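Read off the chains here:
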Amino acid sequence: MSKDIKVALIGNPNTGKTSVFNTLTGLKQKVGNYPGITVEKKIGLCKLSRGVKAHILDLPGTYSLNTTSLDESVAVELLLNKNAPDFPDVAVVVSDVENLKRNLLLFTQIKDLKIPSILAINMADRMDYKGISLDIPKMEKLLNTKIALLSTRKNTGIEELKTLIEKYKELPKSENLDISVIDPSYFKRLKNAFPGEDLYKLWVVITQDVNFTPLDKKDIQSQSPFEIKSGAELKRLQHKETILRYQYINGILKETYSVDRQAAKGWRAGLDKILTHKIFGYLIFFVILLTIFQAIYDWSSVPMDFIDEQFAAASEWVKNTLPPGVFTNLIAEGVVAGIGGIVIFIPQIAFLFFFIAILEESGYMSRVVFLMDRLMRPFGLSGKSVVPLISGTACAIPAVMATRNIENWKERLITILVVPFTTCSARLPVYLIIIALVIPEGRLMGLSYQALTLMSLYLLGFAASILAAKVLHQILKVRSRSFFMVEMPNYKWPLWKNVFYTVVEKTKSFVYGAGKIILAISIVLWFLGSNGFSDEFKNAEQIVTERVAQEGLSPNSQAFVSNKLEEFTATMPMNITADGSLTPSAAVQDSLSILQADLRTRVINQEIASYRLEHSFIGKMGKFIEPVVRPLGYDWKIGIAVLTSFAAREVFVGTLATIYSVGNDEEETIKNRMSAEVKADGQPLFNLASGVSLMLFYAFAMQCMSTLAIVKRETNSWKWPLLQLGFMTIIAYLTALTAYQLLS
Amino acid sequence: MVFTVAHLKRGEKGIIKEFRQDVLPIKLLELGCLPGNQVELIQIAPLKDPIYINVNGSHIAIRRSVALQIELEPIAGHE
Ligand SMILES: Nc1nc2c(ncn2[C@@H]2O[C@H](COP(=O)(O)OP(=O)(O)OP(=O)(O)O)[C@@H](O)[C@H]2O)c(=O)[nH]1
Ligand SMILES: [Mg+2]
């Protein structure tokens, strides 16, 4: 007979809940040595012996049941709601052996809620190092619980924990403390008002809102009519409760926990001295950022070239294998090239996630928060905003979620609003292809111009977010309470397993997410590009043939044909001399005219195709928006690509690939295609002016539906995402306009 | 003048005195910022804000405005 067990992992931030979760379930998710990494609950499955299954719930860390920020309240709300589907059969309170005293505070609170609890003391591998010794049996007796001493790093104690979970029914349910001693008469009245309710639970519900900004909180309070004490009085009682608990804990630890200070070692002091130094601290931070960006550029060039070649080969293969036609073009040039346009960025995105994961795992991120807090405050941001801004360089979605540990609602709101300015990985494809097109090669002090341009674009993203924050700080009138606190965890050598899974998982979801959108958009575009309703579209063949008969080929086509012929004549005579003049010259003449006829049909077909494209649905749409984008230096094709990018930026390259392949049957890479595009006057379409204008547009515009959806969810209103969409797009348009007009 | 956490120099320690209970956030207490416990100042960021302390084994950084609320008893040997 098997029944599923529901297990909740609860504990202070950064005690290794997610690591325990990963070890138990094998279902990996992000782990980091930065308090507040897990901001939402996650569920995984763990098989115990005899076919019993445990549903493991990973929760954001919280210091106590008195929540002060949104991420903390996730855990508390769950524990207070007995009817919630996730309500645990057993709570595993994960704690850090080095901070046991503080961790036990939460443990005693959970125990007082009468939820069966196991105390999991994690990081046992650090005990020798820190000179810590524990008397587990005695502690179990005093705390009236079961204890698992484990280390997820060394993989010890996990089996014991599983056994304890399996036997959760044997856990003592009694409470640790009698909370009513802090104010007996009040608790007595409480008891009379709510007979049959658990006293401590009532108390926690009543005090939920005391420390919390009312703005970002669902109202638990509304169900409790019994509030006869003022906020200040309640707070005083909470202080009393905390002191009471610490007295209790200190008493227990005195008998069971000892630290040999002589044996304790650590890099903390030394590293902190340098990494949080007034000058070196900032210098090191800057150098780290610089190194990351240079590495992203340099280390990924080899794998990127490789991927590029593979996709070119794949698209060639499709063309040669499938019957020729527009549909084959769609697959070869639209879908394959579009997907290739994303896959090629895997190396860079993976490196970016890799570095961010290391910064978080090692404990360095908290030092950055410490260093930056004062500097960010004049802009209405907090030191904690730096983490979303940095991880925004990977993707704005997790970055917006990472703002949840910012206690101050205004600081949090501003951070959410400006995060999308940071250069996320979806902008990389656009930047890289345009940089390759318009920025010359060459080096300045060992750094290539192209890398420098990219670096400036990143800096521009940061600058834009900071400035926007400043403006929002001035104009937004939002009521909020302020309290800032960040824990400085121990430095840790990154757990490579954790880093590895983070990189794989994040990269995978980026590629799949983007891949799906690109596939959908390229199919829609292909349809719109190969259908039309106007007479011009339907009679394209006739119109173009007549025009060619009357006026001859277009200058572009003529140039193309004479180029090809020159190439041919340049190689041909050489071959003949090599053959020993056995081939009669008439044959050369013949093959030349065959080629010429061949080329003529080809360019005429191409002219028909592009005429048709111009009069297709997409052409009409493009022409319709062209007046808007022309001042920015774009033609209607780029206009379409920019427009589709409002779904997600990374579709830019794929969109152009699809549009160009519908209007062209040459097998070439997208980059060559783009550099061959000319304006009406024969000048290349992509020059410095239009390139810079495009990059600026992508730097500032809010082109990501997923981010807007997340912002809506996190701010609980459409007002903020719409505001974001509006002001970012206006800024984007104006800067792109200015840049193009100045440069051209 | 009251002597508070914000007045400590780097490496200096003090013992927390009784404080006005309604001004300090509950979170600080829960992290061990209780009367009688020892505070050590580890690092001060430029512009004297925030302040990185070790209190009761918890390593935390708090803003100056809050640090000014935590009154201290200097440990003998200092001051
Ligand atoms: N030395 C040691 N470090 C560990 C152990 N388990 C986890 N860590 C490290 O502790 C840090 C935090 O781990 P997480 O699993 O993210 O902690 P968490 O409790 O989920 O943190 P939040 O989600 O932020 O509350 C990481 O740097 C891990 O590498 C362990 O057994 N020993
Ligand atoms: Mg976690």
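What you see is a predicted model, and the numbers here were worked out from it, not measured in a lab.

**Student:** Help me understand the overall build of chain B in this model?
**Tutor:** In terms of regular secondary structure, chain B is built from 2 helices and 5 strands. Taken from the N to the C terminus, the helices and strands of chain B come in the order β-α-β-β-β-α-β. Partitioning the intrachain contacts of chain B with sequence separation of at least 6 by distance along the chain shows that 56% fall at a separation of at least 24. For chain B, the accessible surface area stands at approximately 3,300 Å², while carbon and sulfur atoms represent 49% of it.

**Student:** Just to check I follow, could you spell out empty space enclosed by the protein for this structure?
**Tutor:** All names here are of chain A. Taken as a whole and judged by the stated rule, the model has 6 cavities of 30 Å³ or more. There is about 70 Å³ of room inside the second largest cavity. Of the residues forming the lining of the second largest cavity, the biggest block, 4 residues, is contributed by helix α14 (residues 346-362). Broken down by class, the residue content of the lining of the second largest cavity amounts to 9 nonpolar, 1 polar and no charged.

**Student:** I'm lost on the sheet that holds strand β3 (residues 53-58) of chain A in this one. Help?
**Tutor:** Remark on secondary structure: sheet strands pair via backbone hydrogen bonds, oriented parallel or antiparallel. Residues and elements named next belong to chain A. Spatial ordering of the open sheet is given by β2-β3-β1-β4-β5-β7, a layout of 6 strands whose pairing is mixed. In the strand order of this sheet, the two ends are held by β2 (42-47) and β7 (146-149), each with one partner. On average, each strand axis in the sheet is inclined to that of its neighbour by 25 degrees, with strand direction left out of account. The sheet strands contacting helix α1 (residues 17-25) are β1 (5-11), β2, β3, β4 (90-96) and β5 (117-122), and the helix crosses β2 at an angle near 40 degrees.

**Student:** When you look at the interface of chain B and chain A in this model, what are you seeing that I'm missing?
**Tutor:** Interfaces are often sized by the accessible area lost when the parts come together. Counting residues at the interface gives 30 residues for chain B, matched by 39 residues for chain A. Where chain B abuts chain A, roughly 3,200 Å² becomes buried across the two surfaces, and 61% of that area is made up of carbon and sulfur atoms. Summed over the three residues of chain B that lose the most area to chain A, namely Lys27(B), Glu30(B) and Arg63(B), the buried surface amounts to 25% of that side. Linking chain B to chain A there are 5 salt bridges. Applying the counting rule to chain B against chain A returns 15 residue pairs in polar contact (both at pLDDT 80 or more).

**Student:** What is the right way to read the sheet that holds strand β5 (residues 72-74) of chain B from this model?
**Tutor:** Pairing is antiparallel in the open sheet, where 6 strands are placed in the order β11(A)-β4(B)-β3(B)-β2(B)-β1(B)-β5(B). Of all strands in the sheet, those bounded by a partner on one side alone are β11 (485-487) of chain A together with β5 of chain B. Ignoring which end each strand starts from, the neighbouring axes of this sheet average 35 degrees apart. Of the pairings in the sheet, the one linking strand β3 (residues 51-55) of chain B to strand β4 (residues 58-62) of chain B comprises 5 bridges and is antiparallel in character. Among the inter-strand pairings, Tyr52(B) is bridged to a residue of β4(B), identified as Ala61(B).

**Student:** Please explain the packing of helix α7 (residues 184-193) of chain A against helix α8 (residues 199-207) of chain A as it appears in this structure.
**Tutor:** Helix-helix packing: each pair is described by the crossing angle between the helix axes and the interaxial distance. All names here are of chain A. At a minimum axis distance of 10 Å, the contact between α7 and α8 shows a crossing angle of 100 degrees. Viewed along their axes, α7 and α8 adopt a mutual orientation that is roughly perpendicular. Packed against α7, whose contacting residues are Tyr186, Phe187, Leu190 and Lys191, the element α8 presents Leu199, Leu202, Trp203 and Ile206 at the interface. A breakdown of the residues in the contact of α7 with α8 according to their chemical character gives 7 nonpolar, no polar and 1 charged.

**Student:** For this particular structure, what's the right way to read the confidence of the model for chain A?
**Tutor:** Low pLDDT means the predicted atomic positions in that stretch should not be read closely. For chain A, the average pLDDT comes to 82, and 89% of its residues sit at 70 or higher. A low-confidence stretch, residues 211-225 of chain A stays under pLDDT 50, and its non-local contacts, those more than four residues away or across chains, total 44 contacts.

**Student:** Help me understand the nonpolar core in this model?
**Tutor:** For soluble globular proteins, the rule of thumb is that nonpolar side chains tend to be buried together. Formed by 109 residues in total, the largest nonpolar core has its most connected members in Tyr634(A), Phe652(A), Phe686(A), Leu694(A) and Phe697(A). When residues of this core are assigned to their parent elements, the largest contribution, 10 residues, is made by helix α20 (residues 449-475) of chain A. Setting aside anything within four residues of it in sequence, one finds Tyr634(A) in contact with Val629(A), Gly639(A), Val642(A), Ser690(A), Ser693(A), Leu694(A), Phe697(A) and Ala736(A). Listed in part, the 81 residues of the second largest apolar core include Ala84(A), Ile16(B), Leu29(B) and Ala67(B).

**Student:** Sorry if this is basic, but what is going on with unusual backbone geometry here?
**Tutor:** Across the chain, the bulk of peptide bonds are trans and the bulk of non-glycine residues have phi less than zero. With an omega of -10 degrees, the peptide bond between Asp49(B) and Pro50(B) qualifies as cis. Within the secondary structure layout, Pro50(B) lies in the loop between β2 (38-44) and β3. Even without being glycine, Met123(A) reaches a positive phi, approximately 65 degrees. Taking the relative accessible area as the measure of exposure, Met123(A) reaches 11% and is therefore buried.

**Student:** In this structure, what is going on with the pairing of β4(B)? I would like to understand it.
**Tutor:** The two faces of the sheet receive side chains in turn, since in a regular strand these alternate between them. Counting buried residues in β4(B) gives 5 out of 5 residues, a clear majority hidden from the surface. Of the two faces of β4(B), both are covered, the one formed by Ser58(B), Ile60(B) and Ile62(B) as well as the one formed by His59(B) and Ala61(B). As judged from the 3 bridges shared by β11(A) and β4(B), these two strands associate in the antiparallel manner. Note that in β4(B) the partner of Met485(A) across the bridge is Ile62(B).

**Student:** How should I be thinking about the packing of helix α19 (residues 427-438) of chain A against helix α30 (residues 688-700) of chain A in this particular structure?
**Tutor:** Residue and element names in this part refer to chain A. One can describe the packing of α19 onto α30 by two numbers: an axis separation of 10 Å at closest approach and a directional angle of 165 degrees. Overall, the two elements α19 and α30 adopt an arrangement that is roughly antiparallel. In this structure, α19 crosses over α30, and the sense of that crossing is left-handed. Across from Arg427, Val430, Tyr431, Ile434, Ile435 and Val438 in α19, the residues of α30 making contact are Leu688, Gly691, Leu694, Met695, Tyr698 and Ala699. Among the residues making up the contact of α19 with α30, the classes are represented as 10 nonpolar, 1 polar and 1 charged.

**Student:** Help me understand the UniProt feature "transmembrane region" (unreviewed entry) in chain A, please; the structure alone is not making it clear to me.
**Tutor:** Residues and elements named next belong to chain A. Following the UniProt record, the feature "transmembrane region" (unreviewed entry) maps to residues 279-297, 335-359, 379-401, 413-439, 451-472, 510-528, 682-701 and 722-743 here. The annotated region residues 379-401 carries 52% helix and 0% strand content, and the separation between its end C-alpha atoms amounts to 20 Å. What you have in residues 722-743 is 100% helix and 0% strand, and the ends, taken at the C-alpha atoms, are 32 Å apart.

**Student:** Help me understand the pairing of β3(B) in this model?
**Tutor:** Residues and elements named next belong to chain B. Taking burial as the measure, the 5 residues of β3 include 5 buried ones, the bulk of the element. Judged by which residues are buried, β3 turns out to be covered on both faces: Ile51, Ile53 and Val55 on one side and Tyr52 and Asn54 on the other are all buried. Bridge analysis of β2 against β3 gives 5 bridges, and the strand direction is antiparallel. Bridging across to β3, isoleucine 44 finds its partner in isoleucine 51.

**Student:** Looking at this model, I keep getting lost on the confidence of the model for chain B. Mind explaining?
**Tutor:** Residues and elements named next belong to chain B. In the predicted model, chain B carries a mean pLDDT of 84, and 90% of its residues have values of at least 70. At the low end of the mean pLDDT range in chain B sits helix α1 (residues 26-30), at 84; at the high end sits β3, at 93. Across the whole predicted complex the pTM is 0.77, and at the interface the ipTM reaches 0.92.

**Student:** Even after reading the chapter, I still don't get the environment of Glu407(A), so can you show me in this structure?
**Tutor:** Residues and elements named next belong to chain A. In this fold, glutamate 407 is placed in the loop between α17 (396-401) and α18 (409-418). Glutamate 407 sits in the buried class, given a relative accessible area of 5%. Considered as a pair, glutamate 407 and phenylalanine 484 are 77 residues apart in the sequence and their alpha carbons are 6.7 Å apart.

**Student:** What should I look at first to understand the domain arrangement of chain A in this one?
**Tutor:** Residues and elements named next belong to chain A. As assigned here, chain A comprises domain 1 (3-170), domain 2 (180-253), domain 3 (280-476) and domain 4 (523-743). At the interface, 24 residues of domain 1 touch 23 residues of domain 2. When domain 1 packs against domain 2, the two sides together hide about 2,200 Å² of surface, and 62% of this comes from carbon and sulfur. Put simply, domain 1 and domain 2 have 2 salt bridges between them. The salt bridge involving arginine 245 is made with aspartate 112; its shortest N-O contact spans 2.8 Å.

**Student:** What is the right way to read the packing of aromatic side chains from this model?
**Tutor:** In this description, an aromatic ring pair is defined by two values, namely the gap between the centres and the angle between the planes. Under the criterion given, the structure shown has 15 aromatic pairs over all chains. Judged by centre distance (6.0 Å) and plane angle (45 degrees), the ring pair of Trp299(A) and Phe355(A) falls under tilted. Taken together, the residues span a long stretch of sequence, with Trp299(A) in helix α11 (residues 280-299) and Phe355(A) in helix α14 at a distance of 56 residues. Under the relative-accessibility criterion, Phe355(A) is labelled buried at 15%. Both rings, one in Phe370(A) and one in Tyr52(B), keep their centres 5.6 Å apart while their planes meet at 65 degrees; by these two values the pair is edge-to-face. Separated into two different chains, Phe370(A) in helix α15 (residues 364-376) and Tyr52(B) in strand β3 make up a pair that spans both. With a relative accessible area of 0%, Phe370(A) lands in the buried category.

Conventions adopted
- Residues numbered from 1 in each chain as written.
- Chains lettered and ligands numbered in written order.
- Predicted model: local features only at pLDDT ≥ 70, side-chain atom pairs only at ≥ 80, totals over all residues.
- Heavy atoms only, no water.
- Helix = DSSP H or I, 4+ residues; strand = E, 2+ residues; numbered from the N terminus.
- Contact = heavy atoms within 4.5 Å.
- Areas by Shrake-Rupley, 256 points an atom, 1.4 Å probe, with all protein chains shown as cover.
- 1 Å grid on protein atoms, 1.4 Å probe; cavity = no way out; pocket = protein on both sides within 12 Å on 5 of 7 lines; lining within 4 Å.
- Points joined across faces, edges and corners; volume = space filled by probe spheres on them.
- Nonpolar A, V, L, I, M, F, W, Y, C, P; charged D, E, K, R; others polar.
- Pairing = 2+ DSSP bridges.
- Axes fitted to C-alpha atoms, helices over the stretch in contact; angles between N-to-C directions.
- Buried area = accessible area lost by both parts, 1.4 Å probe.
- Salt bridge = Lys/Arg side-chain N within 4 Å of Asp/Glu carboxyl O.
- Polar contact = N/O pair within 3.5 Å; in protein donor to acceptor, adjacent residues only side chain to side chain.
- Parallel < 35°, antiparallel > 145°, perpendicular 65-115°, else oblique.
- pLDDT = per-residue confidence, 0-100.
- Core = buried A, V, L, I, M, F, W, Y, C linked by side-chain atoms within 4.5 Å.
- Buried < 20%, exposed > 50% of the residue type's maximum accessible area, 1.4 Å probe, protein only.
- Left-handed = near helix turned anticlockwise from the far one by under 90°.
- UniProt positions renumbered as here; feature names shortened; annotations may be inferred.
- Domains from an automatic or database assignment.
- Phe/Tyr/Trp six-rings, centres within 6.5 Å; stacked < 30°, edge-to-face > 60°.

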